[in-house]
Amino acid sequence: MMPTVRSTTLLALFIAALLVAPLLLPEFYITLLDYIGLYAIVALGLVVLTGVGGLTSFGQAAFVGLGAYSSAYLTTVHGVSPWLTLPAGLLITAAVAISLGLVTLRLSGHFLPLGTIAWGISLYYLFGNLTGLGGYTGLTGIPPLSFFDLEVRTGREFFYLIWAVLLLALLATRNLLDSREGRAIRALRGGSLMAEAMGVHTARSKIVIFTLAALYASTSGWLYAHLQRFVNPTPFSLTQGIEYLFMAVIGGVAHVWGAIVGAGLISILKQWLQDWLPKLLGQSGNFEIIVFGVLMIFVLQRARDGVWPIIARYFPQPPKRAQVREAPPLVRRERPAAGAVLLEVKDACKRFGGLVANDRMTFQVRAGEVMALIGPNGAGKSTMFNGISGVDPLTSGSVIFRGERVESLPARDIARRGMSRTFQHVRLLPGMSVLENVAIGAHLRGRKGFVAAACRTDRDEEDRLLYEAARQIERCGLSEQMHEPAGSLPLGKQRIVEIARALAADPCLLLLDEPAAGLRYLEKQALGDLLRRLRDEGIGILLVEHDMDFVMGLADRVVVMEFGQKLAAGLPEDIQRNPAVVEAYLGGVE
Ligand code: ADP
Ligand code: MG
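Residues numbered from 1 in each chain as written. Chains lettered and ligands numbered in written order. Predicted model: local features only at pLDDT ≥ 70, side-chain atom pairs only at ≥ 80, totals over all residues. Heavy atoms only, no water.

### Topic: the site of ligand 1
Okay, step 1: Taken together, Phe 352, Leu 355, Ala 357, Asn 377, Gly 378, Ala 379, Gly 380, Lys 381, Ser 382 and Thr 383 form the complete shell of residues around ligand 1.
Okay, step 2: Gly 378 is positioned with one of its backbone polar atoms (N or O) 2.7 Å from an oxygen atom of ligand 1.
Okay, step 3: Within the side chain of Thr 383, an N or O atom sits 2.5 Å from an oxygen atom of ligand 1.
Okay, step 4: With the chains in place, 59% of the 560 Å² that ligand 1 exposes on its own is no longer accessible.
Okay, step 5: Looking at the shell around ligand 1, the element that brings in the most residues is helix H14 (residues 381–389), giving 3 residues.
Okay, step 6: A breakdown of the residues in the shell around ligand 1 according to their chemical character gives 4 nonpolar, 5 polar and 1 charged. (Near = heavy atom within 4 Å. Polar contact = N/O pair within 3.5 Å; in protein donor to acceptor, adjacent residues only side chain to side chain. Areas by Shrake-Rupley, 256 points an atom, 1.4 Å probe, with all protein chains shown as cover. Helix = DSSP H or I, 4+ residues; strand = E, 2+ residues; numbered from the N terminus. Nonpolar A, V, L, I, M, F, W, Y, C, P; charged D, E, K, R; others polar.)

### Quick look at the pairing of strand S3 (residues 341–352)
Okay, step 1: One ladder, built from 8 bridges, connects S3 with strand S4 (residues 355–366); its direction is antiparallel. Along S4, the bridge assignment pairs Glu 344 with Gln 364.
Okay, step 2: Looking at chain direction, S3 and strand S6 (residues 396–401) are connected through 5 bridges and run antiparallel. Counted as the bridge partner of Lys 346 is Ser 398 from S6. (Pairing = 2+ DSSP bridges.)

### Some remarks on the sheet that holds S3
Okay, step 1: With antiparallel pairing, 4 strands are arranged side by side in an open sheet as S4-S3-S6-S7. Bordering the open sheet on either side are S4 and strand S7 (404–405), each of which pairs with just one other strand.

### A closer look at the domain arrangement of the chain
Okay, step 1: For the chain, the assigned domains are domain 1 (28–263) and domain 2 (341–418 + 507–586).
Okay, step 2: The straight-line distance from the C-alpha centre of domain 1 to that of domain 2 is 48 Å.
Okay, step 3: Each partner contributes residues to the interface: domain 1 has 7 residues there, and domain 2 has 4 residues.
Okay, step 4: The junction of domain 1 with domain 2 conceals about 480 Å² of combined surface from both sides, 62% of it contributed by carbon and sulfur atoms.
Okay, step 5: Applying the counting rule to domain 1 against domain 2 returns 1 salt bridge.
Okay, step 6: Remark: the boundary between domain 1 and domain 2 carries 2 residue pairs in polar contact (both at pLDDT 80 or more).
Okay, step 7: Of the residues contributing to the side of domain 1 that touches domain 2, the split by class is 4 nonpolar, 2 polar and 1 charged. (Domains from an automatic or database assignment. Contact = heavy atoms within 4.5 Å. Buried area = accessible area lost by both parts, 1.4 Å probe. Salt bridge = Lys/Arg side-chain N within 4 Å of Asp/Glu carboxyl O.)

Following this line, the structure appears as structure tokens:
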């Protein structure tokens, strides 16, 4: 058993080691550590972009080049102070990243990495072909950085600057990921459908992390330019872009510390291979690339999460839990009076090619009632939910929610108006705790953005969001599972987590798609009690459910669907006696 060393102690030891390293190590190792730091800053961007956000980029080296060339050009040609070229370079990089992101991030699957390769190559040739940038020879005579009279010239001096920047970026990144926007970023991996239904603007989140990763790369480029004091296009090529991705993946692309581990491992290994392979093989060449390729395949086979989790095993930490502190409640939305029409579906049609999944569906849901939508499998109930909630818009017809037509709005805008839902096929983030999953539901009730999160000025709001999430979890009877990974719960309980998540949005209308499936008798009773309480609070509930005892004991009104059409509508007792319904749905058995 390893003794538990607290993570703060480990961090303090790490910083202490960084402080004394330049005093003890020979020049060669300082230079190596400088480069490891520069690479790690870029790899850290990839941790957020690829490891957390699930967006693969081969083009980061081009952004390093943008930062380096911006400063090289502005200092040597226009005599601008290096301290001004940093913000200038960041602005240029942000502009380029946002433009490229708007185009590239729309691509999905393997088209996205291909897109990054395309502009990675383009920018490289742009650097090489612009005569103003010195062509392939590059630009020389870049001035050193200086603090007042102190010039940062040597690798030893640079060491402190590089690693200070890296540590700051690392802490900011860690803070960001542990926040409202951070949860939204982490939700991207589960596909954007759920996140959008919870109010997350996923396209925007993607652009932000793409730009963030580019800005990290650009900062690294700025440091590089003033360390080297000359630039040429070589270090900003696609090959280097691939190497950055290697670093992130080998280090552990899902962990901020993986960036440092990966940059360290690859740099040291490369140095070592470049020294030894030519001696071993008796000829020179880029043999290290071959070894990297083999290594990469080995890592992908054996340690998909990279090296960091293996290292972290030697320093076991008490399980990390988001702290729930009592906090002032979040503002609640104004509620329509009980009995007011919340939702009006008119002539809703949805076609999938030749299949008419919803055919002229018309019905209403009022505040303070449970409306059940029943019908055999394949009748079109889930399709109806997707049309109402904007997840998969109708082909024709209208959806009026609280007096406003919403059928053409994106799901997140409908969510913002007070509609919240669960999914028949549970959509939780299995690795995240129940608490964090539910907190995603409260996304629209917070305001604090990326900068506030990175600087930790969002903590009051974060406490309120988590406290609200915890309250909803308690209300749904899941307090004991609050800190467990959502994926570890039985499927029935995961459905209840989805209800808690929907409630965290403070909805007026709740759409529940088969919430009782997989629940045991007592759990169903508890769910029934919860839904009755919600109804009494004035929430409107649209419920799809197969358990007829559950439905008939709970629903105020019932709509029956068959083959996409409305077969019958009425009070539960009338529906149960309706011969057409008995024939179609209950299979003729009374
Ligand atoms: P229910 O929820 O009532 O069981 P669904 O709404 O899931 O039924 O499905 C209704 C019909 O629409 C089914 O025939 C199903 O195969 C079809 N369907 C649902 N989603 C799609 C889709 N994305 N593409 C094509 N067909 C679909
Ligand atoms: Mg369904």
